[in-house]
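# Structure assessment
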Amino acid sequence: MIEQQSEISAKKAIAQKLFCQISHLCFQLNLEGKIIGCYLENEADMPISPRDFLGLSISHLFPKSICQELLKEIFLVSQNQQLRILRYSLTRLHGFDPTAQNYEVRLIPGMGSD
């Protein structure tokens, strides 16, 4: 159990670092927000393998408030089978100055039941 939590914490740390570096990732998610697929146009740009994301929850990548919004949007996409867009900002420190960075998540209905 402790080893499993340690492994999850390590994956979470890697995922958060990667999230800050790469803004154009494509994740395939199930209805619970679990990553079941990951794609990047040029995988050589990625410091870790896309396979390292598999099984992680979006809660390992996003702050709680954004995660809640994403889960709500995932549900709506699954119900309506229509594209949804979520825009959000994250504030990061650059030196001693906080800087807001804007992001956009496009949620596209999948072909399967997940």
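This text goes with the structure placed above it.
Residues numbered from 1 in each chain as written. Predicted model: local features only at pLDDT ≥ 70, side-chain atom pairs only at ≥ 80, totals over all residues. Heavy atoms only, no water.

### Details of the overall build of the protein
Summing up its helical and strand segments, the protein has two helices and four strands in all. Reading the helices (α) and strands (β) of the protein from amino to carboxyl end gives α-β-β-α-β-β. Long-range contacts, defined as pairs at least 24 residues apart, comprise 43% of the intrachain contacts of the protein with a sequence gap of at least 6. A total accessible area of about 8200 Å² is found for the protein, and carbon and sulfur atoms account for 51% of it. (Helix = DSSP H or I, 4+ residues; strand = E, 2+ residues; numbered from the N terminus. Contact = heavy atoms within 4.5 Å. Areas by Shrake-Rupley, 256 points an atom, 1.4 Å probe, with all protein chains shown as cover.)

### Overview of the pairing of strand 2 (residues 35-39)
As defined by bridge partners, strand 1 (residues 26-29) adjoins strand 2 across four bridges and the pair is classed as antiparallel. Paired with Phe27 across the strands is Cys38, a residue of strand 2. Taking the residues that link successive antiparallel strands as the turn, the strand 1-strand 2 hairpin has five residues, and the phi of Gly33 there is positive, at about 85°. (Pairing = 2+ DSSP bridges.)

### Remarks on helix 2 (residues 64-80)
Look at helix 2: 24 Å from first C-alpha to last across 17 residues, which is about the 24 Å you get at 1.5 Å a residue. Restricting attention to buried positions, one finds in helix 2 the residues Ile66, Cys67, Leu70, Glu73, Ile74 and Val77. Buried positions in helix 2, seen along its axis, are confined to an arc of 125° and lie on one side of it. In this structure, helix 2 carries Lys64, Gln68, Phe75 and Gln79 as exposed residues pointing more than 90 degrees from its buried face. Next to the buried residues of helix 2 lie strand 1, strand 3 (84-94) and strand 4 (97-107). (Expected span 1.5 Å × (residues − 1). Buried < 20%, exposed > 50% of the residue type's maximum accessible area, 1.4 Å probe, protein only. Arc of directions from axis to C-beta.)

### Focus: the packing of aromatic side chains
Per the counting criterion, the structure on display carries three aromatic pairs. Considering the side-chain rings of Phe27 and Phe53, the 5.3 Å spacing of their centres and the 65° angle between planes classify their relative orientation as edge-to-face. Linking Phe27 in strand 1 with Phe53 in the loop between strand 2 and helix 2, this pair joins segments that are 26 residues apart in sequence. Centroid distance Phe62 to Tyr88: 5.9 Å. Interplanar angle 80°. Geometry classified as edge-to-face. Residue Phe62 is located in the loop between strand 2 and helix 2, and its partner Tyr88 is located in strand 3; the two are separated by 26 residues in the primary sequence. In terms of burial, Phe62 and Tyr88 fall into one category: buried. (Phe/Tyr/Trp six-rings, centres within 6.5 Å; stacked < 30°, edge-to-face > 60°.)

### A few points about the nonpolar core
If you look at the biggest cluster of nonpolar residues, it comprises 21 residues, and the most contacted ones within it are Phe53, Phe62, Leu70 and Tyr88. For this core, the elements supplying multiple residues, two or more each, are strand 2, helix 2, strand 3 and strand 4. Top element by residues in this core is helix 2. It accounts for five residues. (Core = buried A, V, L, I, M, F, W, Y, C linked by side-chain atoms within 4.5 Å.)

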